[in-house]
Amino acid sequence: MINKQEKWKTIANAEIVKKKNLGYRSITSIINARPNRSLEKWREELGEDVADFESNRCAKRGLKVHSMIQEYFTTEFKHLYSAKENIMPTSHKCDSVLANGLFMNMLGYLELVDDIVFIETELYSDKYKIHGRVDCIAKIKAYKHDEGYLAVIDFKTSNKPKQSIKDNYGVQLCAYAVMYNEMFDENIEDIVLINADEISGSQIIRRNIKKFMPTFEEWVNEKK
């Protein structure tokens, strides 16, 4: 018997169009509409042309790595990948040496992900009238949880190592947990960020959604 999650995968895109027509806002648009002084300062320091170039470079880098991650989770040749032996199928490498390296840096953490529920799937909340596309919802065997725990998992690339989950990322991932819990009567409590950077390797950061719920409530309930 098909479960609710499997059924949702077949109708998600059409249903989200209906939600958009009803005025549901994307969680990313809510976050992007907020003032971001650190981003403004960064652009001022670099200059608009350099900042645009770097933003585009990072966006392309991220898209390539995301595509490789999605292929890794869906391929029948997953057994040919190994973080320990630092190998991946030649046919699955992309045209960017940087993206290939970043992917390999985070592969050890990707190997902890199991029992995938969703990859790149639209979700929504009737309560908050929002929608968004989650990177991944799955069990992850990290932080001494050998059996794994269900979490919202996001994959990022960056210039420098990440030591924490900032409010904008945290609210976004919290929103996906809220949407999923409402849609499927579940109780995801954890968000996990897996990041690969250009300096030192990769990081995995786990937080409870309680940390970001007050900010999430404030941002989504603000008047348009």
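The structure this text deals with has already been given above.
Just so it is clear, the model here is predicted, and its values are computed rather than measured.

Student: Help me understand the packing of aromatic side chains, please; the structure alone is not making it clear to me.
Tutor: The geometry of an aromatic ring pair is captured by two quantities: the separation of the ring centres and the angle between the planes. Going through the model one piece at a time under the given rule, you end up with 10 aromatic pairs. An angle of 50° between the planes, with centres 5.7 Å apart, marks the rings of Phe118 and Phe184 as tilted. Of this pair, Phe118 sits in strand 2 (residues 113–125) while Phe184 sits in helix 6 (residues 167–184); the two residues are 66 residues apart in sequence, bridging distant segments of the chain. Here the two residues Phe118 and Phe184 agree in accessibility, since each one is buried. For the pair Tyr128 and Phe216, a centre-to-centre distance of 4.9 Å together with 75° between the ring planes defines the contact as edge-to-face. Linking Tyr128 in the loop between strand 2 and strand 3 (130–140) with Phe216 in helix 7 (residues 213–221), this pair joins segments that are 88 residues apart in sequence. Phe216 gets classed as buried once you look at its relative accessible area, which sits at 0%.

Student: Looking at this model, I keep getting lost on the side chain of Asp197. Mind explaining?
Tutor: Structurally, the position occupied by Asp197 is in strand 5 (residues 190–197). Comment: no salt bridge for buried Asp197; closest opposite-charge side chain is Arg61, at 8.7 Å. There is a polar contact of 2.5 Å between the side chain of Asp197 and the side chain of Gln203. With residues near it in sequence (within four places) discarded, Asp197 still touches Leu102, Asn105, Ser158, Asn159, Lys160, Pro161, Ser202 and Gln203.

Student: Could you clarify how one ought to interpret the pattern of salt bridges in this entry?
Tutor: Side chains that differ in sign of charge can pair as their charged atoms come close. Counting across every chain of the model gives 16 salt bridges. Taking the shortest distance from any N to any O, the salt bridge between Asp114 and Lys141 comes out at 3.6 Å. One end of the pair, Asp114, is in strand 2; the other, Lys141, is in the loop between strand 3 and strand 4 (149–158), and 27 residues separate them in sequence.

Student: Whenever I open this one, the environment of Arg133 confuses me. Can you help?
Tutor: Inspection of the secondary structure assignment puts Arg133 in strand 3. Sequence spacing of Arg133 and Ala51 is 82 residues, and the spatial spacing of their C-alpha atoms is 26 Å. Not counting the four nearest positions on each side in its chain, Arg133 is found in contact with Asn13, Glu120, Thr121, Glu122 and Tyr176. A polar contact is formed between the side chain of Arg133 and the backbone oxygen of Glu120, at a distance of 2.7 Å.

Student: So what exactly am I meant to see when it comes to the pairing of strand 5 here?
Tutor: Within a regular strand, the side chains alternate between the two sheet faces. Most of strand 5 is tucked away: eight of the eight residues are buried. Neither face of strand 5 is exposed, since Asp190, Val192, Ile194 and Ala196 on one face and Ile191, Leu193, Asn195 and Asp197 on the opposite face are all buried. Note that strand 4 and strand 5 share eight bridges and pair parallel. Across the sheet, Ile153 pairs through a bridge with Val192, a residue of strand 5. You can see the chain leave strand 4, run along helix 6 and come back into strand 5, and the turn it takes is right-handed. Pairing of strand 5 with strand 6 (residues 202–208), which is carried by seven bridges, proceeds in the antiparallel orientation.

Thresholds, definitions, all that
- Residues numbered from 1 in each chain as written.
- Predicted model: local features only at pLDDT ≥ 70, side-chain atom pairs only at ≥ 80, totals over all residues.
- Heavy atoms only, no water.
- Phe/Tyr/Trp six-rings, centres within 6.5 Å; stacked < 30°, edge-to-face > 60°.
- Helix = DSSP H or I, 4+ residues; strand = E, 2+ residues; numbered from the N terminus.
- Buried < 20%, exposed > 50% of the residue type's maximum accessible area, 1.4 Å probe, protein only.
- Lys, Arg positive; Asp, Glu negative; His and termini not counted.
- Salt bridge = Lys/Arg side-chain N within 4 Å of Asp/Glu carboxyl O.
- Polar contact = N/O pair within 3.5 Å; in protein donor to acceptor, adjacent residues only side chain to side chain.
- Contact = heavy atoms within 4.5 Å.
- Pairing = 2+ DSSP bridges.
- Right-handed = clockwise from strand over helix to strand, strands pointing away.

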